[in-house]
Amino acid sequence: MSSNPTQADQISDKEKAINDWLPITSSRNAKWWYSAFHNVTAMVGAGVLSLPYAMASLGWGPGVTVMIVSWIVTLYTLWQMVEMHEIVPGKRFDRYHELGQHAFGDKLGLWIVVPQQLIVEVGVDIVYMVTGGKSLKKVHDLVCDETCKDIKLTYFIMIFASCHFVLAQLPNFNSISIVSLAAAVMSLSYSTIAWTASVKKGIQPDVDYSYKASTTAGKVFSFFSGLGDVAFAYAGHNVVLEIQATIPSTPDKPSKKPMWKGVVVAYLVVAICYFPVAFIGYRMFGNKVEDNILISLEKPTWLIVMANMFVVVHVIGSYQIYAMPVFDMMETVLVKKWHFPPGLTLRLVARSLYVAFTMFIAIVFPFFGGLLGFFGGFAFAPTTYYLPCVMWLAICKPKKFSLSWIINWICIFFGVLLMVISPIGGLRQIIIQAKTYEFFS
């Protein structure tokens, strides 16, 4: 009998040692401003550059409405997640799926949250591989004159991936804070370049704000895809609990206060980045805008080269922010379920395989615009727009027809609508682009 407590102590010591090693729970000394730039890096992704294109698919009225409503709804759902992080006294929900398990039960919670979270995080990393490669290729093409040999996009994606094999070995969120800060500064910089260069270029002589597609079906499908692009632009919720887990917490000073402070700063930066790029870019180029606004801006060359380099630095940071929870999941399964010894070898092999996998998929399917629309609706809408609301209703149980109850149901309706219709548009766009596409080009 007496051996039991010691056994339990040994188990809890072992559990504690594993938690101290896992990337999400190993370091809890982050400051509120870490939360600000991690959230900016997670949120202001390459998606911002496709917002004028999304506006062209949606048109002025619906476009402005969807952009502003999305900003408000996602800020509200983010607030709910920050509040729910420590909703049970003395316990912290350090990972999205742990909150899901508390709301829906151990098994169902895992099945509801983990697949969607993985689709988002792996999907974003694949899209960022493509974005990084395309931006590097754009820099090469602009700097090099006609004498240069044309290099395939595949090689640029490989060059971009090479730095991730190194950065992926950084142990936890706090260790990537410098990379994340650089990425946050870059996102603000290239967003500013995108809209100021658009203003400098002026409204194009043949600007046209009507829908690009001539058929009704084409208009409807591109409208759906535009919604997916906007959903993709607000995707920071998938890593918000994991970021909050790095902030220290005591009963007098819960982590939600510094975290919320960081979130508000991040959301102001998001507004400064998103709205000018989306509205000015569309105003200047109309429906002829490219799915990446920087491609529409050919001149001045040095400025566009600089903006593309900023994009590269930013997606390097963003890739790592979204990869960290995936690393945490992989390492948890390998160590806790399959009993691999935690250590450098495990990390080196598992994380390198992940980087190689995302690189391979990016090389095979580099359809930037369509991928955004497809992933945006398919997984971002649930995890960003309505899953936090469903969890809030399940955990906090607000009174029927109270303000909180009504707001949550409106958000759920909006999110479900996004989830159903935007992948259709994105998938159609991928099919159209795939017709003219050669693999490994």
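Shown above is the structure to which this text applies.
Residues numbered from 1 in each chain as written. Predicted model: local features only at pLDDT ≥ 70, side-chain atom pairs only at ≥ 80, totals over all residues. Heavy atoms only, no water.

Let's talk about helix H3 (residues 51–58)
At step 1: Most of H3 is tucked away: 8 of the 8 residues are buried.
At step 2: Those residues of H3 lying buried are Leu51, Pro52, Tyr53, Ala54, Met55, Ala56, Ser57 and Leu58.
At step 3: After H3 finishes, the residue glycine 59 shows a positive phi value of roughly 85 degrees. (Buried < 20%, exposed > 50% of the residue type's maximum accessible area, 1.4 Å probe, protein only. Helix = DSSP H or I, 4+ residues; strand = E, 2+ residues; numbered from the N terminus.)

Overview of the packing of aromatic side chains
At step 1: The final tally for this structure, using the stated rule, is 15 aromatic pairs.
At step 2: Ring plane angle 90 degrees and centroid distance 6.4 Å describe the contact between phenylalanine 221 and phenylalanine 224, whose orientation is recorded as edge-to-face. Here phenylalanine 221 pairs with phenylalanine 224, and both are found in helix H9 (residues 216–233), just 3 residues apart, close to one helical turn.
At step 3: With relative accessibility at 18%, the residue phenylalanine 224 sits in the buried group.
At step 4: Among the aromatic residues, those joined into a cluster by ring pairs are Trp60, Tyr209 and Tyr282.
At step 5: Over the aromatic face of tryptophan 21 sits the side chain of arginine 347, whose NZ or CZ is 4.2 Å from the ring centroid. (Phe/Tyr/Trp six-rings, centres within 6.5 Å; stacked < 30°, edge-to-face > 60°. Lys NZ or Arg CZ within 6 Å of the ring centre and 35° of its normal.)

Re the side chain of threonine 384
At step 1: By the element assignment, threonine 384 lies in helix H15 (residues 368–396).
At step 2: Judged by relative accessible area, which is 0%, threonine 384 ranks as buried.
At step 3: If we skip the residues at most four places from it in the chain, threonine 384 touches Thr74, Thr77, Tyr234, Ala235, His237 and Asn238. (Contact = heavy atoms within 4.5 Å.)

Things to note about helix H7 (residues 153–167)
At step 1: End to end, H7 covers 22 Å across 15 residues, agreeing with the expected 21 Å (1.5 Å per residue, within 8%).
At step 2: Taken as a whole, H7 has its buried residues at Leu153, Thr154, Phe156, Ile157, Phe160, Ala161, His164 and Leu167. Taken down its axis, H7 places every buried residue within 160 degrees of arc, on the same side.
At step 3: Residues of H7 that are buried sit in contact with helix H6 (106–143), helix H8 (177–201), helix H13 (301–337) and helix H14 (344–364). (Expected span 1.5 Å × (residues − 1). Arc of directions from axis to C-beta.)

Observations concerning the pattern of salt bridges
At step 1: This model, assessed by the stated rule, comprises 9 salt bridges.
At step 2: The closest approach of N and O atoms between arginine 28 and aspartate 94, which form a salt bridge, is 2.8 Å. Of this pair, arginine 28 sits in the loop between helix H1 (3–21) and helix H2 (32–43) while aspartate 94 is found in the loop between helix H4 (60–84) and helix H5 (96–104), placing the two residues 66 residues apart along the sequence.
At step 3: Overall, the relative accessible area of 6% leaves aspartate 94 in the buried class.
At step 4: In this structure, the salt-bridge partner of arginine 95 is glutamate 98, at a minimum N-O distance of 2.8 Å.
At step 5: Here the salt bridges do not stand alone but share partners, grouping Arg95, Glu98 and Asp328 into one network. (Salt bridge = Lys/Arg side-chain N within 4 Å of Asp/Glu carboxyl O.)

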